2 protein chains.
Amino acid sequence: MQALQKKVVAALVLGMTAVLAAGAKELPPRPSVGDVLKGSKPGDWRPLDADNTLYLELPQGRVVIELAPSFAPNHVRNIKALAREHFYDGLAIIRSQDNFVVQWGDPHEDDEQARQVKSAQKTLPGEFTVPLSNDKQFTRMRDVDGFAPQVGHSGGFPAARDPKAGQTWLTHCYGMVGVARGNESDSGGGTSLYVVTGHAPRQLDRNITVVGRVVAGMPILSTLPRGPAPMGFYEQPGMQVPIGAVKVAADVPEAERVRLEVLRTESPTYQAVLDAQRNRGGPWNKYSPNYLDLCNAQIPVREQKL
Amino acid sequence: MQALQKKVVAALVLGMTAVLAAGAKELPPRPSVGDVLKGSKPGDWRPLDADNTLYLELPQGRVVIELAPSFAPNHVRNIKALAREHFYDGLAIIRSQDNFVVQWGDPHEDDEQARQVKSAQKTLPGEFTVPLSNDKQFTRMRDVDGFAPQVGHSGGFPAARDPKAGQTWLTHCYGMVGVARGNESDSGGGTSLYVVTGHAPRQLDRNITVVGRVVAGMPILSTLPRGPAPMGFYEQPGMQVPIGAVKVAADVPEAERVRLEVLRTESPTYQAVLDAQRNRGGPWNKYSPNYLDLCNAQIPVREQKL
C-alpha cells in the first residue's frame, strides 16, 4: 500500500514488467497488506467499544480516539469524566510542533480565567507503566527494538514490555495520545492531551501516561499549521483551533456515531499483516528488510460492515 | 528541546521543583541539545554548499534541500541539470499521503501534454547503495538498528552501511528526499521527487535513490492537505500546489540566498548532541532510554553568522 511509486497509472500505461536493471535481484511477489485483509474473516475484526471511544469535534471534522483502559485505568476514567462534565468544550488546540505533537487544553490554564475541574480530578499519579498482569492480549513481534526488551501489540495498541521489571506500557507511535504534564510525575491528569504527529518520539515511553490512539481523523491534526519554534505553542490566540466538544461515543445518539472496526491484533490475520510489512515482494521492491519497526506496523481500521 | 511539557510558563508559574511522586526515581540533570549547541565552536558548523543546494519555490515559501552527491552522484548531477533547464518550473506537488510522503512532478506525465526533458536524462540506473569508498565522513552511532548492521551520519545525512556487502546508503528519515520510480530500478531519474513527512519508512532503504535532505521549510510540505487514500495523489488538479521554480542556489544572486549552516556530523560536538538525545536528564525526564533511534537524531541547522 505504501510503495513509493510514480502514479499507479504510469506503471500500467508504460506496461512495466519484471525486466531487471543490471545487478538487481528479483524478489518474488508476496501478498501485500491489502491482499491479506481481503482474506480476513469477520471475526478478525472488532467494533470500537463506544464506552472507551472519544470524539474530538473540531471545525475541520471529527477525530476518533480509542482509549486504552488496560494501560491507564485511572486516566481513562478521568478523561471520560472530564468529557462528561464538558471540561474540554470550548477549549482549543494550543500547540503544533513539526515532526512531534499536536496538543490541546486550556489556553488560560495559567491565568484567572482558567477553567475549573468539577467532579473529575485535575491531576493523578502517572500511569507510565502498568504491571504485566494488566495486559492479557499482548502479541509479541520478533523484531529487535532499541527502546525495550519486547515489543508488539495489545488490544489494538502498540506496546512494549520488560518482563524482568514486570512492566508493560504503550509506545509513542504516530497517532498515539498521551497526557501532558509538568515536571512532576503526578502533575498531569488529562486536562491537556497530545497526539504524536511525527517520527515516533519513543524517548517519551515510560515518562508519561499514554491513554489511547487516534483511529480516524489523523490528517485533521497532522496538517494543522505549526506554531513558532521551538515548541510550537500557538502564541497568537488566532492560531488556536477551537474544540467544539469532546464526547464519549456512548453518550452520542447511535445514528451520529462513527462505525469503525479494528483488526484484532491478537489474530493470525494480524500476524500476516505484520509479515506482509516485514517482507515485501516484487516487482516494485528490490530489497526486503525482513524487519518491521514497531511504529511502522499498520493497525488496520475500516468502516464497520452492518 | 522536545520535552512534552505543558506550556513552559506553567512550569515557571507553578514553581515546580524536583519533588518526586512515590516510586519515581530522580534522574540527574544533563545537558540538553540546546546546552550542547551553546558550547559549539564556529568550526563545528559548515555553510551549505550553494552548488549542491536546491530551492523549491512554492506559493507558501521556499523549501531548502541539501543534495548528497557522495551518495547519488549521477542523480544529483541530473537533478541540477533538470533545475537548470527549468524542467520543474510550473509543475506541481501532486501527492500528500498522511504519515508517509509528499511528492512532486509532472501532473501530465502520462498524457500528450507531458513535459519533455531537454539536455538532462529522463531516467538513470538506480543509485540505491554506493560503495563504502564513496563516503569518507561516516560517524557511526553505537545504537542498534533493525534495518542495517551499522547506522550513523555522513556529511550531514543519516546513513547506514553494510561492511560485508561493502555498501552504504542514505536512510529514509523525516525530511529525506528521494527519486520516485516505477517498477524498474532504472525508471527514475529525478523528474519526480518525494520528501518523507511521517514516521521513517525505512523499508524503502536500498530500494530507491535518496538524493538529499530538506534543511529548511519542512512545515510547508508537512502541512499540505492529504490527498485521497490510499496513496494521497491529488486527483483534483485544484489540490495540486504549483511549483514556481526549482533553482540551484549557486544560480541565485547572493543577496537572495538563504544563509544556513549545518552542524558537522563528524564533529565531537555532534557526538555530544547525539548523547544529549540518547540520555536525557531530570527534572522532566523520569526514565532515560540510553538509546537513540537514527531517525530521531536531530541534525542542527541554524542561520549563518556573518
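Residues numbered from 1 in each chain as written. Chains lettered and ligands numbered in written order. Predicted model: local features only at pLDDT ≥ 70, side-chain atom pairs only at ≥ 80, totals over all residues.

Some thoughts on the overall build of chain A
Next, step 1: In terms of regular secondary structure, chain A is built from five helices and 17 strands.
Next, step 2: A globule of 306 residues ought to have a C-alpha radius of gyration of about 19 Å, and chain A, at 21 Å, matches this closely.
Next, step 3: Along the longest, intermediate and shortest principal axes, the C-alpha atoms of chain A span 70 × 45 × 45 Å.
Next, step 4: The burial tally for chain A puts 50% of its 306 residues in the buried class. (Helix = DSSP H or I, 4+ residues; strand = E, 2+ residues; numbered from the N terminus. Rg over C-alpha atoms; globule rule 2.2 N^0.38 Å. Buried ≥ 20, exposed ≤ 12 C-beta atoms within 10 Å, placed from the backbone.)

Some words on unusual backbone geometry
Residue and element names in this part refer to chain B.
Next, step 1: At the junction of A229 and P230, the peptide bond is cis and its omega measures out at 0 degrees in the coordinates.
Next, step 2: Its place among the elements puts P230 in the loop between α4 (218-222) and β14 (241-242).
Next, step 3: A positive phi angle, near 60 degrees, is found at N99, a position not held by glycine.
Next, step 4: Among the structural elements, N99 can be located in the loop between β4 (92-96) and β5 (101-105).
Next, step 5: For R206, which is not a glycine, the phi torsion comes out positive at approximately 70 degrees.
Next, step 6: Positionally, R206 belongs in the loop between β12 (193-196) and β13 (210-216).
Next, step 7: Take R206: there are 24 C-beta atoms within 10 Å of it, and that puts it in the buried class.

So, the environment of B:P28
Residue and element names in this part refer to chain B.
Next, step 1: You can see P28 is positioned in the loop between α1 (8-13) and α2 (33-38).
Next, step 2: According to the C-beta neighbour criterion, P28 is exposed, with 8 such atoms within 10 Å.
Next, step 3: Along the primary structure P28 and T139 are separated by 111 residues, whereas in three dimensions their C-alpha atoms are 28 Å apart.
Next, step 4: Discounting residues that sit within four places of it in the chain, P28 has contacts with G281 and G282. (Contact = placed C-beta atoms within 7 Å.)

Examining the sheet that holds strand β16 (residues 260-263) of chain B
All names here are of chain B.
Next, step 1: The three strands lie next to each other as β1-β16-β17, forming an open sheet whose pairing is antiparallel. A strand with exactly one partner marks an edge of an open sheet, and here the two such strands are β1 (45-47) and β17 (301-303). Strand-to-strand, the axes of this sheet are offset by a mean angle of 35 degrees, without reference to chain direction.
Next, step 2: In this structure, β16 lies alongside β17, joined through three bridges in antiparallel fashion. What sits directly across from E261, in β17, is R302. (Pairing = 2+ DSSP bridges. Axes fitted to C-alpha atoms, helices over the stretch in contact; angles between N-to-C directions.)

Focus: helix α5 (residues 268-278) of chain A
Next, step 1: Taken together, the buried positions of α5(A) are occupied by A:Y270, A:V273, A:L274, A:A276, A:Q277 and A:R278.
Next, step 2: The inward-facing, buried residues of α5(A) abut α2 (33-38) and β16 (260-263) of chain A.

Side note on the pairing of strand β10 (residues 167-170) of chain B
Every other side chain in a regular strand lies on the same face of the sheet, so the side chains alternate between the two faces.
All names here are of chain B.
Next, step 1: Both strand β6 (residues 130-131) and β10 contribute to a ladder of two bridges, which runs antiparallel. Across the sheet, the residue bridging to V130 is T168, located in β10.
Next, step 2: Both strand β9 (residues 157-162) and β10 contribute to a ladder of four bridges, which runs antiparallel. Paired with A160 across the strands is W169, a residue of β10.
Next, step 3: What sits between β9 and β10 in their antiparallel hairpin is a turn of four residues, with G166 showing a positive phi close to 70 degrees.

Digging into the sheet that holds strand β17 (residues 301-303) of chain A
Residues and elements named next belong to chain A.
Next, step 1: Taken in spatial order, the three strands of this open sheet run β1-β16-β17, and their pairing is antiparallel. In this open sheet, the two edge strands, each paired with only one partner strand, are β1 (45-47) and β17. Taken over all neighbouring pairs, the strand axes of this sheet differ in orientation by 35 degrees on average, direction set aside.
Next, step 2: Here β1 pairs with β16 via three bridges, running antiparallel. Looking across to β16, one finds that R46 is bridged to V262.

Side note on helix α3 (residues 73-84) of chain B
All names here are of chain B.
Next, step 1: With twelve residues, α3 extends 17 Å between its outermost C-alpha atoms, agreeing within 8% with the 16 Å of an ideal straight helix rising 1.5 Å per residue.
Next, step 2: Three or more residues of α3 are buried, namely H75, V76, N78, I79, K80, L82 and A83.
Next, step 3: Considering only its buried residues, α3 is in contact with β2 (53-58), β3 (61-67), β11 (176-179), β13 and β15 (245-248).
Next, step 4: A positive phi of about 60 degrees marks H86, the residue just after α3. (Expected span 1.5 Å × (residues − 1).)

Structural notes on the pairing of β9(B)
All names here are of chain B.
Next, step 1: Among the six residues of β9, five are classified as buried, and the element is accordingly described as predominantly covered.
Next, step 2: With five bridges joining them, strand β8 (residues 150-154) and β9 adopt antiparallel strand pairing. Bridge pairing in β9 links S154 to F157.
Next, step 3: Linking β8 back to β9 in an antiparallel pair, the connection comprises two residues, with G155 at a positive phi of about 60 degrees.

Topic: the environment of A:G188
All names here are of chain A.
Next, step 1: Within the element layout of this structure, G188 appears in the loop between β11 (176-179) and β12 (193-196).
Next, step 2: Once the C-alpha coordinates of G188 and P125 are considered, the two residues, 63 residues apart in sequence, prove to be 7.7 Å apart.
Next, step 3: Residues in contact with G188, not counting those within four places in the same chain, are T123, G126, V179, A180, R181 and T209.

Topic: the confidence of the model for chain A
Residue and element names in this part refer to chain A.
Next, step 1: In this model, chain A carries a mean pLDDT of 92, and residues with pLDDT of at least 70 account for 92%.
Next, step 2: Within the model, pLDDT remains below 50 along residues 7-23, and this stretch shows 26 contacts once partners closer than five positions in the same chain are excluded.
Next, step 3: Listed scores for the predicted complex are pTM 0.93 and ipTM 0.93. (pLDDT = per-residue confidence, 0-100.)

Focus: the environment of A:Q240
Residues and elements named next belong to chain A.
Next, step 1: Locating Q240 in the fold gives a position in the loop between α4 (218-222) and β14 (241-242).
Next, step 2: With 18 C-beta atoms packed within 10 Å, Q240 lands in the partly exposed category.
Next, step 3: Each C-alpha atom, one on Q240 and one on Q277, is 37 Å from the other, the two residues being 37 residues apart in sequence.

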